[in-house]
Amino acid sequence: QVQLVESGGGLVQPGGSLRLSCAASGFIFSTKDMAWYRQAPGKQRDLVASITGGGSTAYADSVKGRFTISRDNAKKTVYLQMNNLKPEDTAVYYCYVPFHNNWGQGTQVTVSS
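Reference entry: report on the structure contained in this document.

Our next topic: the pairing of strand E1 (residues 3-7). Alternating residues of E1 divide into Leu-4 and Glu-6, all buried, and Gln-3, Val-5 and Ser-7, none buried. As judged from the five bridges shared by E1 and strand E3 (residues 18-25), these two strands associate in the antiparallel manner. Pairing of Ser-7 across the sheet is with Ser-21, part of E3.

One pass over the full model with this rule turns up three salt bridges. As a salt-bridge pair, Arg-38 and Asp-89 come within 2.9 Å of each other at their nearest N and O atoms. Of this pair, Arg-38 sits in strand E4 (residues 34-39) while Asp-89 sits in the loop between strand E8 (77-82) and strand E9 (91-97), and the two are 51 residues apart along the sequence. Among the residues examined, Arg-38 registers a relative accessible area of 13% and is labelled buried. Of the residues examined, Asp-89 reaches a relative accessible area of 0% and is grouped as buried. We note a salt bridge from Lys-64 to Asp-61, for which the minimum N-O separation is 3.1 Å.

Let us now look at the nonpolar core. If you look at the biggest cluster of nonpolar residues, it comprises 26 residues, and the most contacted ones within it are Met-34, Trp-36, Val-78, Leu-80, Met-82 and Tyr-93. Secondary structure elements with two or more residues in this core: E3, E4, strand E5 (46-51), strand E7 (67-72), E8, E9 and strand E11 (107-111). Not counting residues up to four positions away in its chain, the partners in contact with Val-78 are Leu-20, Ser-21, Cys-22, Phe-29, Met-34, Trp-36, Ile-51, Ile-69, Ser-70, Arg-71 and Cys-95.

Glancing now at the sheet that holds E7. Reading across the sheet, the four strands line up as E1-E3-E8-E7 and stay open at both edges, with antiparallel pairing between neighbours. Two strands in the sheet have a free side with no partner beyond their single neighbour: E1 and E7. Going across the sheet, the axis of each strand differs from the next one's by a mean of 15 degrees, ignoring polarity.

To continue, consider the state of the cysteines. With the rule as written, the count across this model stands at one disulfide. At a sulfur-sulfur separation of 2.1 Å, the disulfide partner of Cys-22 is Cys-95. Where Cys-22 bonds to Cys-95 through sulfur, the torsion about that S-S bond is close to -85 degrees, and the disulfide is left-handed. Placement of the pair is Cys-22 in strand E3 and Cys-95 in strand E9, with a sequence separation of 73 residues. The exposure classification of Cys-22 matches that of Cys-95, with both residues buried.

Enumeration according to the criterion identifies five aromatic pairs in this entry. Relative to Phe-29, the ring of Phe-27 has its centre 6.2 Å away and its plane inclined at 50 degrees; by these criteria the two rings are tilted. In this structure Phe-27 comes out as buried when scored by relative accessible area, which is 11%. Measuring from centroid to centroid gives 6.2 Å for Tyr-94 and Trp-103, while their planes differ by 85 degrees, and the two rings are edge-to-face. Taking the relative accessible area as the measure of exposure, Tyr-94 reaches 14% and is therefore buried. The class for Trp-103 is partly exposed, based on a relative accessible area of 31%. Three or more aromatic residues joined by ring pairs form one cluster here, namely Tyr-37, Tyr-94, Tyr-96 and Trp-103. The ring of Phe-99 has Lys-32 lying over it, and the distance from NZ or CZ to the ring centre is 5.0 Å. Seen from the ring of Tyr-94, Arg-45 lies directly overhead, with NZ or CZ sitting 3.7 Å from the centre.

Thresholds, definitions, all that
Along each chain, numbering runs from 1 in the same order as the chain's sequence is written. Two thresholds apply to this predicted model, a pLDDT of at least 70 for residue-level local features and 80 or more for giving and counting side-chain atom pairs, whereas whole-chain, interface and lining totals are computed over all residues. To obtain the side-chain values, all non-hydrogen atoms of the structure were included, while hydrogens and water were left out. Here the term buried applies to any residue with accessible area under 20% of the maximum for its type, exposed to any over 50%, and partly exposed to those in between, with areas from a 1.4 Å probe on protein chains only. Put simply, DSSP marks the helices as runs of H or I at least four residues long and the strands as runs of E at least two long, and each gets a number from the N terminus on. The rule for pairing is simple: two strands pair if DSSP sees at least two bridges between them. For this analysis, a salt bridge means a side-chain nitrogen from Lys or Arg found within 4 Å of a carboxyl oxygen belonging to Asp or Glu. The term nonpolar core refers to a set of buried residues drawn from Ala, Val, Leu, Ile, Met, Phe, Trp, Tyr and Cys, joined through side-chain atoms within 4.5 Å. Contacts are residue-level and defined by heavy atoms, with any inter-residue pair within 4.5 Å sufficient. For helices, the axis comes from a line fit to the C-alpha atoms of the stretch in contact; other axes are also lines fit to C-alpha atoms, and the angle between any two N-to-C directions lies between 0 and 180 degrees. Throughout, disulfides are identified as pairs of cysteine sulfur atoms within 2.5 Å of each other. Aromatic pairs are defined between Phe, Tyr and Trp rings, using the six-membered ring for Trp, whenever the two ring centres lie within 6.5 Å; interplanar angles under 30 degrees are classed as stacked, those over 60 as edge-to-face, and all others as tilted. The rule is short: NZ of Lys or CZ of Arg within 6 Å of the ring centre and within 35 degrees of the ring normal puts a charge over the ring.

Shown next as structure tokens:
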């Protein structure tokens, strides 16, 4: 069973940092592209960052320079390091493996004073 389990969300002040984790199981992790999406209330679910099996990364313009996606194949985990957080980053963040069309449960990130 393909499963993605997220952790690390929470409440943070503007300018702060969070690191999200997504633990994968049930598939061959090391060869699969992985991605982080986010969805704010009433808005579309948008791609935030992606990483290929080979380690190539890509980012939405809105987070470029602030967020870093990475992976640890030994731990079968993908991370999203989020720095200099802004209120507009507030959303539910989802881990996604495109090959299996499988989503994590989502983790809430709230950036507020």
